[in-house]
Amino acid sequence: MKLTKLTALAMSTAICASAAFADGHMDRTGWPESFTVGTASQGGTYFAYGAGWANLVAEELGMTGGGEVTGGPMQNMALVHTGEVAFGMTTMGPAAESLAGTNPIAPGLQMTNACAMFPMYQTPFSVTALSSSGITSISEIPDGARIGFGPAGSTSDTYFPRMMEELGVNFERRNGGWSDLGSQLQDGLLDVIAFAAGVPVPAVSQLEVQTDINIIEFTEAEQAQILEAFPVSQFNISADAYTTLEAPARSVSMWNFSIANCDLPESFVYAVVDVVMSDNQRMVDIHKAARSTLPEHWDKNGVLMWHPGAARWFNENAGATIAADQIFGG
């Protein structure tokens, strides 16, 4: 798998760490000379977030490191498993498929050498229709509805069609960029858009400025059914996310986690997690999605084995109770 290289400015950092932090991690036995974080395409949250924390870690630990453009969560699991990159970013769905050997990058290969490192943020699943359609619930989506599921191969395109099928919706599947799908909805070329993206989704915000829309929540029963069938968590879209909402909207979300090659030294991964998790404001300054990059969210990983260094950090510093049988090699 050949990866696209970034420019030197965007790609990597080689800045000396502060003496205070460097002295706190003097045991560097087996540490690599440099590291790479697998992200996704430029212009997306993964790229900005991943390149940002890579540069932060490189600066604090006095190493060379940076973000690398990849195909996203599925490819990152493969790259980290094989050791082609030290670290990556994935969502719980692609992680589960990769462990089961159903990752389309390498069908049949169980990618068990990619370990959980730290929680990042949630990707909520949300549904939008024009008010003029009369669709106010999932059950009211008509047979054969034209539903836009986002870019082909995205987390939304991978999981939202399955969720709709689970809930008994019959539909025609459409793909495209979020802005383009928003325009198609407004022009009557789509009936519904099923978003998996951080909220507020710019395309939805733009739509509600231009026309009346319905942001459709899951019923309690639908939410419970989805929670049972997919690796997602409960989520409420806050009322202040969109002017259309008068109260929080019930939904589900899929957690994003950073991952590490399981064979990396424990002390190295411990140090990386310490940099990222010890000062949340620095992460928020990199990307606002990092407001959820908090130690207490360690329990959102129900899929991957933990890297020993990460597990030790959360058990020692976050009140975590990660058991030995949840830790790689434990």
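Summarised in this report is the structure supplied together with it. Values in this document were obtained by computation on a predicted structure and should not be read as measured data.

### Considerations on the overall build of the chain
Line of reasoning, step 1. Helix and strand counts for the chain come out as 12 helices and 11 strands.
Line of reasoning, step 2. Against the globule reference of 20 Å for 330 residues, the chain gives a C-alpha radius of gyration of 20 Å, in line with a compact fold.
Line of reasoning, step 3. In terms of principal-axis extent, the alpha carbons of the chain reach across some 65 × 40 × 40 Å.
Line of reasoning, step 4. The proportion of buried residues among the 330 residues of the chain is 55%.
Line of reasoning, step 5. Residue pairs in contact within the chain that sit at least 24 positions apart in sequence constitute 75% of those at least 6 positions apart.
Line of reasoning, step 6. As displayed, the chain offers around 13800 Å² of accessible surface, 49% of which is attributable to carbon and sulfur atoms.
Line of reasoning, step 7. Between the centroid of the 13 positive side chains of the chain and the centroid of its 34 negative side chains there is a distance of 5 Å.

### What about the nonpolar core?
Line of reasoning, step 1. Phe35, Trp53, Phe87, Met117, Met164, Trp306 and Phe314 are the most contacted members of the largest nonpolar core, which has 84 residues in total.
Line of reasoning, step 2. Methionine 117 has contacts with Trp53, Phe87, Ser258, Ile259, Ala260, Val269, Val272, Val273, Trp306, Ala310 and Phe314, leaving out every residue within four places of it along the chain.
Line of reasoning, step 3. Core analysis: the second largest hydrophobic core is formed by 20 residues, Leu185, Val201, Ala203 and Leu207 among them.

### Overview of the environment of alanine 145
Line of reasoning, step 1. Positionally, alanine 145 belongs in strand E6 (residues 145–148).
Line of reasoning, step 2. Separated by 14 residues in sequence, alanine 145 and tyrosine 159 have C-alpha atoms that sit 17 Å apart.
Line of reasoning, step 3. Beyond its immediate stretch of four places on either side in the chain, alanine 145 contacts Asn170, Phe171, Glu172 and Asp191.

### Here's the deal with the packing of aromatic side chains
To describe a pair of aromatic rings, one takes the distance between the centres and the angle between the planes.
Line of reasoning, step 1. Following the criterion strictly, the structure yields 13 aromatic pairs and no others.
Line of reasoning, step 2. Taken together, a centroid distance of 5.1 Å and an interplanar angle of 80° make the contact between phenylalanine 125 and phenylalanine 160 edge-to-face. Placement of the pair is phenylalanine 125 in strand E5 (residues 114–130) and phenylalanine 160 in helix H6 (residues 155–166), with a sequence separation of 35 residues.
Line of reasoning, step 3. Given a relative accessible area of 0%, phenylalanine 160 falls into the buried group.
Line of reasoning, step 4. Among the aromatic residues, those joined into a ring-pair cluster are Trp31, Phe35, Trp53, Phe87, Phe118 and Phe268.
Line of reasoning, step 5. Looking at arginine 162, its charged tip hangs above the ring of tyrosine 159, at a distance of 5.0 Å from the centre.
Line of reasoning, step 6. Sitting over the ring of tyrosine 270, arginine 312 keeps its end group 4.0 Å from the ring centre.

Rules of the game
Residues numbered from 1 in each chain as written. Predicted model: local features only at pLDDT ≥ 70, side-chain atom pairs only at ≥ 80, totals over all residues. Heavy atoms only, no water. Helix = DSSP H or I, 4+ residues; strand = E, 2+ residues; numbered from the N terminus. Rg over C-alpha atoms; globule rule 2.2 N^0.38 Å. Buried < 20%, exposed > 50% of the residue type's maximum accessible area, 1.4 Å probe, protein only. Contact = heavy atoms within 4.5 Å. Areas by Shrake-Rupley, 256 points an atom, 1.4 Å probe, with all protein chains shown as cover. Lys, Arg positive; Asp, Glu negative; His and termini not counted. Charge placed at Lys NZ, Arg CZ, Asp CG, Glu CD. Core = buried A, V, L, I, M, F, W, Y, C linked by side-chain atoms within 4.5 Å. Phe/Tyr/Trp six-rings, centres within 6.5 Å; stacked < 30°, edge-to-face > 60°. Lys NZ or Arg CZ within 6 Å of the ring centre and 35° of its normal.

Scope: geometric values only; no functional claims are made or implied.
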